[in-house]
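Examining the three-dimensional arrangement
Chain residues, written in single-letter form:
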Amino acid sequence: MTSSDGYLLDNQQDEAEERFRAFASLFDPTTFRHLDALGVGPGWRCWEAGAGGTSVVSWLAERVGPTGEVVATDIDTSRLAAAARPPVEVRVHDVGTQEPPGEGFDLVHARLVLVHVPDRERALRSMIAALRPGGRLLIEDADPALQPLLCPDEHGPEQRLANRLRNGFRSLLAERGADLSYGRRLPRLLREAGLHEVEADAYFPMTSPACTALESATVRQIRGRLVAAGLATEEEIDRHLANVRTGGMDLTTAPMISAWGRKGQAVL
């Protein structure tokens, strides 16, 4: 995504670090479980596409060790500086428009990336092309349309306001080219791309401090756009943030779908 697209959740904004910490708390255990099951180990060459923060990159670096390699890419690498030491190489890269940052990778992984990429079909082809024969692809992406509510238990005015603001957030994402039902299609897309042994599962966190922190940081980050688009007033946003701070609301995220598969062996 280019700067002209007006990316909704810019890594340069103050709230970005809070969002990365919340994502790590919510989703790292699931991601690490899948990476462990795929056999990531010493000597592996890995591409972490759209890395954003450092938690997954650091986990991969520890697993592959000094004989391995982790190429961490993003359109904005400002949050990756702390991880930029061997075996990690950090590169500015747009997965939706540029060629892969290498080839012959044992693993390519992207989390919460493709849903935001306008040309996600090209990006997926690029990641598969970068795999060695027999290499593994793990794509993890949200499906906000599968569960669109912030508060599934909409039992009062606080929850109704929360869900209305979440609907506004989804509208802003869709206007910028996000595919809000992408996650559910991942297993089929991986099979159609020729991957073998395709499997998938979903994780749907509910009611945790990380859910609360993520909602607070996200709304503060996009409040100006919500107001400018007529989707909420300043007073409504202030009221919602106050409701969130009480800690008494059962907040959720969109389900995250994880899908993985193996690239076929080369035919001689």
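First, a word on scope: everything that follows refers to the structure included in this document. Since the structure is predicted, the reported quantities are computational estimates derived from the model, not experimental observations.

1. Describing the packing of aromatic side chains
- Going through the model one piece at a time under the given rule, you end up with 4 aromatic pairs.
- Each residue in the set Phe23, Phe27 and Tyr203 is aromatic and connected to the rest through ring pairs, giving one cluster.
- The cationic tip of arginine 45 hangs over the ring face of phenylalanine 105; the distance from NZ or CZ to the ring centre is 4.5 Å.

2. A look at the packing of helix 1 (residues 16-37) against helix 6 (residues 209-228)
- Where helix 1 contacts helix 6, the two axes come as close as 9 Å, and the packing angle between them is 150°. When the axis of helix 1 is compared with that of helix 6, the two are roughly antiparallel. Seen along the crossing, helix 1 lies across helix 6 with a hand that is left-handed. Of helix 6, the residues touching helix 1 (which contributes Ala16, Glu18, Arg19, Ala22, Phe23, Ser25 and Leu26) are Ala210, Cys211, Leu214, Ala217, Thr218, Arg220 and Gln221.
- Among the residues forming the contact of helix 1 with helix 6, the class breakdown is 8 nonpolar, 3 polar and 3 charged.

3. Describing the pairing of strand 5 (residues 131-142)
- In terms of residue burial, strand 5 counts as a mostly covered element, since 9 of its 12 residues are buried.
- One ladder, built from 6 bridges, connects strand 4 (residues 105-111) with strand 5; its direction is parallel. When the sheet's bridge partners are listed, alanine 110 is paired in strand 5 with isoleucine 139.
- A crossover connection joins strand 4 to the parallel strand 5 through helix 3 (residues 120-129); in handedness this β-α-β unit is right-handed.

4. Points about the nonpolar core
- Formed by 25 residues in total, the largest nonpolar core has its most connected members in Leu114, Leu124, Met127 and Leu137.
- Among the elements of the structure, strand 1 (45-49), strand 4, helix 3, strand 5 and helix 5 (186-192) are those that each provide at least two residues to this core.
- Looking at which element gives the most residues to this core, the answer is helix 3, with 4 residues.
- With residues up to four places along the chain from it excluded, the contact list for leucine 124 reads Leu114, Leu137, Ile139, Tyr182, Leu189 and Leu190.
- Within the second largest apolar cluster, 21 residues are counted, among which are Leu60, Val64, Val88 and Leu138.

5. Here's the deal with the sheet that holds strand 6 (residues 196-203)
- The sheet built from 7 strands is open, its strands ordered 3-2-1-4-5-7-6 with mixed pairing. Single-partner strands in this sheet number two, and they are strand 3 (88-92) and strand 6. Pairwise comparison of adjacent strand axes, ignoring direction, gives a mean angle of 15° for this sheet.
- Its contacts with the sheet put helix 2 (residues 55-64) on strand 1, strand 2 (69-74), strand 3 and strand 4, and the angle it makes with strand 2 is roughly 165°.
- Along the sheet face, helix 3 touches strand 1, strand 4 and strand 5 and points at about 145° away from the line of strand 5.

6. Examining the packing of helix 1 against helix 2
- Put simply, helix 1 and helix 2 touch, their axes get as near as 10 Å, and they point 30° apart. Relative to helix 2, the element helix 1 lies roughly parallel. Two packed elements cross with a definite hand, and for helix 1 against helix 2 that hand is right-handed. Contacts between helix 1 and helix 2 involve Ala24, Asp28, Thr31, Phe32, Leu35 and Asp36 on the former and, on the latter, Ser55, Val56, Trp59, Leu60 and Arg63.
- Here the contact of helix 1 with helix 2 is built from residues that sort into 6 nonpolar, 2 polar and 3 charged.

7. Remarks on the environment of tyrosine 182
- Checked against the element boundaries, tyrosine 182 lands in the loop between helix 4 (157-175) and helix 5.
- In this structure tyrosine 182 comes out as buried when scored by relative accessible area, which is 3%.
- Along the chain, tyrosine 182 and aspartate 143 lie 39 residues apart, while their C-alpha atoms are 5.9 Å from each other.
- The residues touching tyrosine 182, leaving out its near neighbours within four places in the chain, are Leu114, Val115, Arg120, Leu124, Asp141, Asp143 and Leu189.

8. Section: the pattern of salt bridges
- With the rule as written, the count across this model stands at 22 salt bridges.
- Its salt-bridge partner being aspartate 36, residue arginine 63 comes within 2.8 Å of it at the nearest N-O pair. Placement of the pair is arginine 63 in helix 2 and aspartate 36 in helix 1, with a sequence separation of 27 residues.
- We classify arginine 63 as partly exposed; its relative accessible area is 30%.
- Among the ionic pairs, arginine 45 bridges to glutamate 69, the shortest N-O distance being 2.8 Å. With a gap of 24 residues between them, arginine 45 in strand 1 and glutamate 69 in strand 2 connect regions that are remote in the sequence.
- With a relative accessible area of 25%, arginine 45 lands in the partly exposed category.
- A single salt-bridge network, built from bridges that share partners, covers Glu15, Glu18 and Arg220.

Each value, and the rule that gives it
Counting restarts for each chain: residues are numbered from 1 in the order of the written sequence. Only residues with pLDDT of at least 70 get local features here, since the model is predicted, and only at 80 or more are side-chain atom pairs given and counted; chain-wide, interface and lining totals rely on the full set of residues. Computation of side-chain values: all heavy atoms of the structure, hydrogens and water removed. Stacked, edge-to-face and tilted labels apply to pairs of Phe, Tyr and Trp rings (six-membered ring for Trp) whose centres lie within 6.5 Å, assigned for plane angles under 30 degrees, over 60, and everything in between, in that order. Should the NZ of a Lys or the CZ of an Arg lie within 6 Å of a ring centre and within 35 degrees of the ring normal, that charge is described as sitting over the ring. A fitted line through C-alpha atoms serves as each axis, taken over the contacting stretch for helices, and the angle formed by two N-to-C directions is quoted from 0 to 180°. Labels follow the DSSP assignment, with helices taken as runs of H or I lasting at least four residues and strands as runs of E lasting at least two, numbered in each case from the N terminus. Any angle that is under 35 degrees is reported as roughly parallel, and any over 145 degrees as roughly antiparallel; angles of 65 to 115 degrees are reported as roughly perpendicular and all others as oblique. In this scheme the crossing of two helices becomes right-handed for a clockwise turn of the near helix relative to the far one and left-handed for an anticlockwise turn of less than a right angle. Pairs of residues are marked as contacts when any of their non-hydrogen atoms sit within 4.5 Å. Gly counts as polar in this scheme, as do all residues outside two lists: the nonpolar Ala, Val, Leu, Ile, Met, Phe, Trp, Tyr, Cys and Pro, and the charged Asp, Glu, Lys and Arg. Burial classes follow relative accessibility: with a 1.4 Å probe on protein chains only, a residue under 20% of its type's maximum area counts as buried, one over 50% as exposed, and anything between as partly exposed. Each pair of strands is called paired provided DSSP finds at least two bridges between the two strands. Classification remark: right-handed applies to a crossover when, strands pointing away from the viewer, the course from the first strand over the helix to the second runs clockwise. By nonpolar core is meant a set of buried Ala, Val, Leu, Ile, Met, Phe, Trp, Tyr and Cys residues that side-chain atoms within 4.5 Å join together. Salt bridges are defined by distance alone: a side-chain nitrogen of Lys or Arg within 4 Å of a carboxyl oxygen of Asp or Glu.

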